[in-house]
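Residues per chain, in single letters:
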Amino acid sequence: MLAWVTARGAVDAVRYQPRHLDLVVACGASQPEVSASVAHWLVETRAQPVVIRVSRLPHAAVRALAREAARWFGPTASAVIRWFSGATAAAADHAGSLAIEARLRARVHPGLLVPHPHAVAVLAVDMRGFSRLTGALEDTQYLAELVEAYLTELTGVVEQHRGVVFQYTGDGLLALFLPELAGVDGAALLDRLVNQTSPALHGVFDLLYTGWRSEWRAQGRPVVDIGLGAGLSFGRATIGFIGPSGKKQFGAIGEPVNLAAFLGSEASSGTSLVDCASFERAGGLTPPGKVVRLRSRKRHQRVETLRLYHGARAVGGR
């Protein structure tokens, strides 16, 4: 039993988990026990430049220490360091949310603990050309390291923009952005995602790809043409701990999730697709740009979509 608990704790420590405090505040913001000032304080504090800089230091230090440990003592030493750092971060995160979460548990509808409808923006990011890359490299260990670096950078951008990654999809991810954590209404949140978050994600990918191309040439590997596509939708979805009994994890279900995933799969390299109805649902106006009609996965239905060119890899087709 002790071995099982230890193994389970080790897995949980290194598995990505959204910030518990953020989720508790966001999902409980509409309940009278949680003051709106708490969410406002969290948002404003996290947005301070000094807080952003300081918050990046522990992760950078762990990565540097893990690299040195792997170089001198092998991969096991690196894994041990990452495990301890993950366990410490998770414990601190949960401890910080206890005071708020304890009050939510006393209610019939205890915020995070029960799936519930919520206004959200969903962002889906997907790599174009990943299958070609897998076939060309023929080195799954190297590919795993490349994907780790790629998803780590994208996750960093999402969290810097006050989002929550709730699912990884191999060569991509799905992220939620809640108005309560952004500190703005739906229209301003969608505007920020279109004009700041999406360009930032494409910019990070372009930097990574530039480095990879140089590395591939230096190592004699084939240079593969890849890119990044993103899909974005806003609306009401059911969010909370979802899944089988005893193995639930934070997730989201609803049309905004389906639409974002569909648009993310259809977006060509260097572009972001936003379903136009999202702007109306968010209470804003559709910005200028090229509107295209995509054939939906549902029969006889098309989706009017705003196509935005954000990345250096932008091309007209997939």
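Heads up: the structure comes first, above all this text.
All values derive from a computational prediction rather than experimental measurement.

Counting across every chain of the model gives five aromatic pairs. For the ring pair Tyr209 and Trp216, a centre distance of 6.2 Å and an interplane angle of 75° mean the geometry is edge-to-face. Judged by centre distance (6.4 Å) and plane angle (20°), the ring pair of Trp212 and Trp216 falls under stacked. Of this pair, Trp212 and Trp216 both sit in helix 9 (residues 186–219), four residues apart, which is roughly one turn of that helix.

With that out of the way, let us pick up the packing of helix 6 (residues 130–137) against helix 7 (residues 140–160). At their nearest, the axes of helix 6 and helix 7 sit 9 Å apart, and the two run at 145° to each other. Like other packed secondary-structure pairs, helix 6 and helix 7 cross with a definite hand, here right-handed. Between helix 6 and helix 7, the contacting residues are Phe130, Leu133, Thr134 and Leu137 on the first element and Tyr142, Leu143, Leu146 and Val147 on the second. Broken down by class, the residue content of the contact of helix 6 with helix 7 amounts to seven nonpolar, one polar and no charged.

This brings us to helix 6. When we look at burial in helix 6, the residues that qualify are Phe130, Leu133 and Leu137. Along the axis of helix 6, the buried positions cluster into a sector of 55°, meaning they face one direction only. On its buried face, helix 6 is in contact with strand 1 (116–128), helix 7 and helix 9. Looking one or two residues beyond helix 6, the residue adopting positive phi is Glu138, at roughly 50°.

Counted according to the given criterion, the structure contains three salt bridges. For Arg128, the salt bridge is made with Asp126, and the minimal N-O distance between the two is 2.5 Å. With a closest N to O distance of 2.8 Å, Asp275 and Arg281 form a salt bridge. With a relative accessible area of 2%, Asp275 lands in the buried category. With relative accessibility at 41%, the residue Arg281 sits in the partly exposed group.

Counting 44 residues, the largest nonpolar core has Val125, Leu133, Tyr150, Trp212, Trp216 and Ile226 as the members making the most contacts within it. With 11 residues, helix 9 is the single largest residue contributor to this core. Among residues more than four places away in sequence, those in contact with Trp216 are Leu133, Leu137, Tyr142, Leu146, Tyr209, Arg221, Pro222, Val223, Val224 and Ile226.

Here we come to the pairing of strand 8 (residues 302–309). By the bridge criterion, five bridges tie strand 6 (residues 271–275) to strand 8 in an arrangement that is antiparallel. Bridging from a neighbouring strand, Ser272 pairs with Leu308 of strand 8. The pairing of strand 7 (residues 290–295) with strand 8 spans six bridges and is classified as antiparallel. Residue pairing in the sheet places Arg295 in a bridge with Arg302 of strand 8.

Let's shift gears to the packing of helix 7 against helix 9. For the pair helix 7 and helix 9, the least separation of the axes is 9 Å and the interaxial angle reads 155°. Comparing their axes, helix 9 and helix 7 come out roughly antiparallel. Note that helix 7 runs across helix 9; the crossing there is right-handed. Across the interface between the two elements, Tyr142, Leu146, Ala149, Tyr150, Glu153, Leu154, Val157 and Val158 from helix 7 touch Thr197, Ala200, Leu201, Val204, Phe205, Leu208, Trp212, Glu215, Trp216 and Gln219 from helix 9. For the contact of helix 7 with helix 9, the residue count by class is 14 nonpolar, two polar and two charged.

Reading the values: rules and limits
Residues numbered from 1 in each chain as written. Predicted model: local features only at pLDDT ≥ 70, side-chain atom pairs only at ≥ 80, totals over all residues. Heavy atoms only, no water. Phe/Tyr/Trp six-rings, centres within 6.5 Å; stacked < 30°, edge-to-face > 60°. Helix = DSSP H or I, 4+ residues; strand = E, 2+ residues; numbered from the N terminus. Axes fitted to C-alpha atoms, helices over the stretch in contact; angles between N-to-C directions. Left-handed = near helix turned anticlockwise from the far one by under 90°. Contact = heavy atoms within 4.5 Å. Nonpolar A, V, L, I, M, F, W, Y, C, P; charged D, E, K, R; others polar. Buried < 20%, exposed > 50% of the residue type's maximum accessible area, 1.4 Å probe, protein only. Arc of directions from axis to C-beta. Salt bridge = Lys/Arg side-chain N within 4 Å of Asp/Glu carboxyl O. Core = buried A, V, L, I, M, F, W, Y, C linked by side-chain atoms within 4.5 Å. Pairing = 2+ DSSP bridges. Parallel < 35°, antiparallel > 145°, perpendicular 65-115°, else oblique.

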